[in-house]
Amino acid sequence: MQVTFDKQTLDNGLDVIIHVDHSCPIVAVNLWYHVGSKNEKPGRTGFAHLFEHLMFEGSEHHDDGYFSPLEEAGGALNGSTNADRTNYWEVVPTGAVERALWMESDRMGFLLPALTPEKFETQRQVVLNERRESYENRPYGMVPMALMPVLFPAGHPYHWLTIGEPEDLLAASFDDVQAFFRTYYHPGNASLVLAGDIDTREGFELARLYFGEIPPGPSRPSITVSDTTVSGAPRLLLRDRVELPRLYLSWRSPRLFGDGDAALDLLATILAGGKSSRLYRRLVHDSRIATDVSAGQGSRELVGVFSIVATAAPGHSLTEIEAAITDELSQILNDGPFGDEVERSQAMIESDFAYRLQSIGDFGGRSDQLNAYNVYFGDPGHFDTDLGRYRTSDTDAIQSAAQNSLTGNERVALSVIPVEGDLLLGLSDSKPVDVA
Amino acid sequence: MSVDRSRLPTLGPHPLFRPPGFRCSTLSNGVGVWTAAHHRAPVLTLRLLVPVGAADDPTDQFGLAALTADVLDEGTRDLTDVGLHVALSRIGAHLSVGVSSDATILTLTTLPKHAAEAMALLVDIAVHPRFDPDDCDRVRNLRLNRILQTRQVPTAVADRVFIESLYGAHPYGHLAIGTEPSLRPIDSSDLSAFHSRWYQPAGWTLVAVGGLSDDALLEVAKTELEPLSTVTPAVAICSRSRRQEPPPIADRLIFVARKDAVQSEVRLGHPGVSRASPDYHALLVLNMVLGGQFVSRINLNLREDKGYTYGARTAFDYRVGRGPFIFRSSVQTSATADAMREAIKELLDIRETRPPSERELAVARDALTRGFPLGLETATQVARVGTTLALHGLPADEMDRFVERVMAVDADAVLAAARAHLHPDRLVAVVVGSTEDVLPSLGSLGLGEPALMD
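Residues numbered from 1 in each chain as written. Chains lettered and ligands numbered in written order. Predicted model: local features only at pLDDT ≥ 70, side-chain atom pairs only at ≥ 80, totals over all residues.

J.: Any chance you could break down the overall build of chain A for me, citing the residues and the numbers?
T.: Along its length, chain A carries 15 helices and twelve strands. The C-alpha atoms of chain A give a radius of gyration of 23 Å, which matches the 22 Å a tight globule of 436 residues would have. Counting only C-alpha atoms and orienting by the principal axes, one finds that chain A spans roughly 60 × 50 × 40 Å. Counting all 436 residues of chain A, 54% fall into the buried class. (Helix = DSSP H or I, 4+ residues; strand = E, 2+ residues; numbered from the N terminus. Rg over C-alpha atoms; globule rule 2.2 N^0.38 Å. Buried ≥ 20, exposed ≤ 12 C-beta atoms within 10 Å, placed from the backbone.)

J.: Can you lay out the domain arrangement of chain A for me, pointing to particular residues and giving the numbers?
T.: All names here are of chain A. Per the domain assignment, the segments making up chain A are domain 1 (6–211) and domain 2 (235–432). For domain 1 and domain 2, the distance between their C-alpha centres works out to 29 Å. Residue-level contacts link 30 residues of domain 1 with 29 residues of domain 2. Elements with a contribution of two residues or more to the side of domain 1 that touches domain 2: β2 (15–20), β3 (26–33), β5 (86–93), α5 (143–151) and β6 (190–196). If one sorts the elements of the side of domain 1 that touches domain 2 by residue count, α5 sits on top with five residues. Of the residues assigned to the side of domain 1 that touches domain 2, the class counts are 17 nonpolar, seven polar and six charged. (Domains from an automatic or database assignment. Contact = placed C-beta atoms within 7 Å. Nonpolar A, V, L, I, M, F, W, Y, C, P; charged D, E, K, R; others polar.)

J.: Describe in detail the packing of helix α11 (residues 297–305) of chain B against helix α12 (residues 336–351) of chain B, supporting the description with residues and values.
T.: Residue and element names in this part refer to chain B. Axis separation between α11 and α12 bottoms out at 10 Å; the angle between their running directions is 160 degrees. As summarised for this structure, α11 and α12 are arranged roughly antiparallel, according to the angle between their axes. As α11 runs across α12, the sense of the crossing is right-handed. Taken together, the residues of α12 that come into contact with α11 (itself represented by R297, I298, N301 and L302) are A339, E342, A343 and E346. (Axes fitted to C-alpha atoms, helices over the stretch in contact; angles between N-to-C directions. Parallel < 35°, antiparallel > 145°, perpendicular 65-115°, else oblique. Left-handed = near helix turned anticlockwise from the far one by under 90°.)

J.: Break down the interface of chain B and chain A for me, citing the residues and quoting the values.
T.: Opposite the 61 residues of chain B that make contact, chain A presents 61 residues. Those elements that provide at least two residues to the side of chain B that touches chain A are α2 (81–90), β5 (104–110), α4 (133–150), α11, β9 (309–316), β10 (324–332), α13 (358–370) and α14 (379–391) of chain B. Here the element with the most residues in the side of chain B that touches chain A is α2 of chain B; it accounts for six residues. Residue composition of the side of chain B that touches chain A, grouped by class: 30 nonpolar, 20 polar and eleven charged.

J.: How would you explain the sheet that holds strand β11 (residues 412–418) of chain A if you had to name every residue and give the values?
T.: Residue and element names in this part refer to chain A. Across the sheet, six strands lie side by side as β9-β10-β8-β11-β7-β12; this open sheet has mixed pairing. Every interior strand has two partners, whereas the edge strands, β9 (290–298) and β12 (431–432), have only one. Here strand β7 (residues 235–240) runs beside β11; their pairing, made up of six bridges, is parallel. Of the residues in β11, the one forming a bridge with L238 is V416. Seen against the sheet, helix α10 (residues 278–286) touches β9 and β10 (304–312) and runs at an angle of roughly 155 degrees to β9. (Pairing = 2+ DSSP bridges.)

J.: Provide a residue-level description of the domain arrangement of chain B, including the pertinent values.
T.: When the parts of a complex come together, some accessible area is lost, and that lost area is often used as the size of the interface. Residues and elements named next belong to chain B. Domains assigned within chain B are domain 1 (23–242) and domain 2 (253–453). Here domain 1 and domain 2 have C-alpha centroids that lie 29 Å from each other. Taken together, the 32 residues of domain 1 in the interface contact 27 residues of domain 2. Among the elements of the structure, β2 (32–37), β3 (44–50), β5, α5 (154–167), β6 (205–210) and α9 (235–242) are those that each provide at least two residues to the side of domain 1 that touches domain 2. Here the side of domain 1 that touches domain 2 takes eight residues from α5, the largest share from any one element. When its residues are assigned to classes, the side of domain 1 that touches domain 2 shows 18 nonpolar, ten polar and four charged.

J.: Outline the pairing of β3 of chain B, listing residues and values.
T.: Residues and elements named next belong to chain B. Of all seven residues in β3, seven are buried, a share of seventy percent or more. Two strands pair when backbone bridges link them, and β3 and β5 are joined in this way by seven bridges, in the antiparallel orientation. Bridge pairing in β5 places L46 opposite L108. Bridge analysis of β3 against β6 gives six bridges, and the strand direction is antiparallel. Within β6, the residue paired with L46 across the bridge is A208.

J.: Which residues make up the environment of H392 of chain B, and what values go with them?
T.: Residues and elements named next belong to chain B. Here H392 is to be found in the loop between α14 and α15 (402–407). Classification of H392 by C-beta neighbours within 10 Å gives partly exposed; the count is 18. Leave out the neighbours within four places in its chain, and H392 touches R275, A276 and V320.

J.: Please set out unusual backbone geometry residue by residue, giving values where relevant.
T.: A positive phi angle, close to 60 degrees, is found at D429 of chain A, a residue other than glycine. By the element assignment, D429 of chain A lies in the loop between β11 and β12. With phi around 45 degrees, F131 of chain B is a residue other than glycine that occupies positive phi space. Looking at the element boundaries, F131 of chain B is found in the loop between α3 (115–127) and α4.

As structure tokens, this is what we get:
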């Protein structure tokens, strides 16, 4: 589908992108800051996300909650942080677009005067509760804490998780907040999309009016990335409060839009996308040794992670499951996909694209996607190129992407077994890991 | 020109927005078809509403409605299970099957160019499921495994215990997935019998929204649906059973132990109202003030003021019968009783000492009415609204009056609705948390002695 746009860069470095669609009287405001947990310092993990929370606590000219003026305007809003970027969005009825821009620009330009140690302390507690709710108190919730440090040994900025370590969150100081804001939260490190019921000229004028006066900041400090890779096919064992064992197989894989990235998306669909996929049929449908299976190419700015996850049916071990997955994978590695598998996975991905882009706002909607292309590529108009790489990934491309990434030696296998469960439920020779 | 930062920009007038209109037809065999052309994106959503839900489960077969729905896509008369899913993936279609207490809804999303094939597959799935005994056993076992796994999911445990305690033997007193003992003996003959009794096309409504004209959408629907034979379904019977009054509540405070839990999963509530309540719009406004959005009293108190939780919300679940009113939150272990006390106080205050102020009411009404177009942006959203209207027997143009009705809700109406439908003296409370850290503190809440369950 076509997503038309215009782009300008303001004098202070802010990229502004306008997408017009008058078919519903709403406007999406979507703002990306090119900073995520990979920009954090060791000992201060979780800081980028904690900082995102502070962006909702008021700014100099509206020293009150961020939600109130926008919810009363009928708007919806949210923000999120991952390893690579932090995004903020509002979707508002047309008559409230100036209010949304006033609010977004006030927190970009004037956040610090309104921040207090009390607000910081409360949000630190909220984030610790978010960590408890989303990770600690959830079955299999601590898996990423066990997995990521092994996939990305110390020295790599994906070594730690975006949610951070509790002791680091507790160690974060009010001074850190000020320094982080000055370094990363300025127009030169941001990209703004206005999408929906707005005209191009008006959009640029409003963006200039509200954001044009905010001074640019320093250029983004570079990050160091160690190139220590995974070797020796590590096997890990995590005990958790779960009923059924689950196997996580992970490999480092091509980065976002890198060579082989799209091919591995297609491979993930062929392996585990729906009930006609290879692994679903083999593990869940036919042999019934697993209750579910999924696969995904999680691509990030520096490097991706390809993973296959399967939960054992009662009475079955992860060793059986690993053998079946390895067998299916070796068929792909040796022979590639066959028949109409490639064509069907392309059809699925293409239609997913259309479903996601129904919305102008929200996470993953048109405005968010325009910003993703702009921030990672410098070009918002990447829709056709993006879809094109799926259309051109054929059987050979998928086979060679699998051969390049999914090699045995660089695989990390994590077995999760019940707290009291027999060790034999997991893969043999797995090293127990303890995560807090 | 520079920005005036001394005050927020005023809002423009309320959006002029006419919600997408449905065209309703009834086919000669009684099937209802609602169509809405929608061209924002190349997407077509088909939703087939079958008016049978978990509330229609026989009392010794909890989970039957949901299992029946789950096996529908395991092959049809002409297609094997794998063959069916290959056909769906060829057209890039997403199929999902949802079973609530009130209804079963099959949703198929695809590109408009595949409309005819998608419609044919959807009808094949709903009308000619294969119900092969081996497939039925396999899917039932997958559901049993899911029930097993959810024993370790605090949110799922809290929801289950809450619903069971609130409704007892009422048709709303169990989750759609059922229970382990009730699900285990169910076999393919039970599914076939349930399907032939309840899946009668004369009770169905198809809602089709997407990038085709109304005529084209209707034509596609007609081709597949009109030839179906049908008998009159038992809709009237099931809606009567849902409307029974819930029985009296046995325990008011229920505690489920979760060793060393770092948070407590909390539910508070009581039976609420049906969608047919004349207070529906007043309750929408009330809940926005109380706990329906970020800036609601309860979230601002528990999260933004106290930092006890990542979030706290309340909701009325508007069903055919009286759905629950629920407060939900995960709170840090040490703050469990304090958080519950604050939540209960907010329920009391809003109907007694601190009714919504004019300012709060204006904000709530504006949030609902100005935000109205946001909920009707995409074909998928419009189709969802259509299905809800059809389920509750509401007119297809109901949404045309939404803004006017919400704007007419005044302080008296909200206070009256709060007093009629919020009952802080009749709350059921469920806590899933650490016994040693939490249980001793719960006695002080005034909800009686905690009953222990698992």
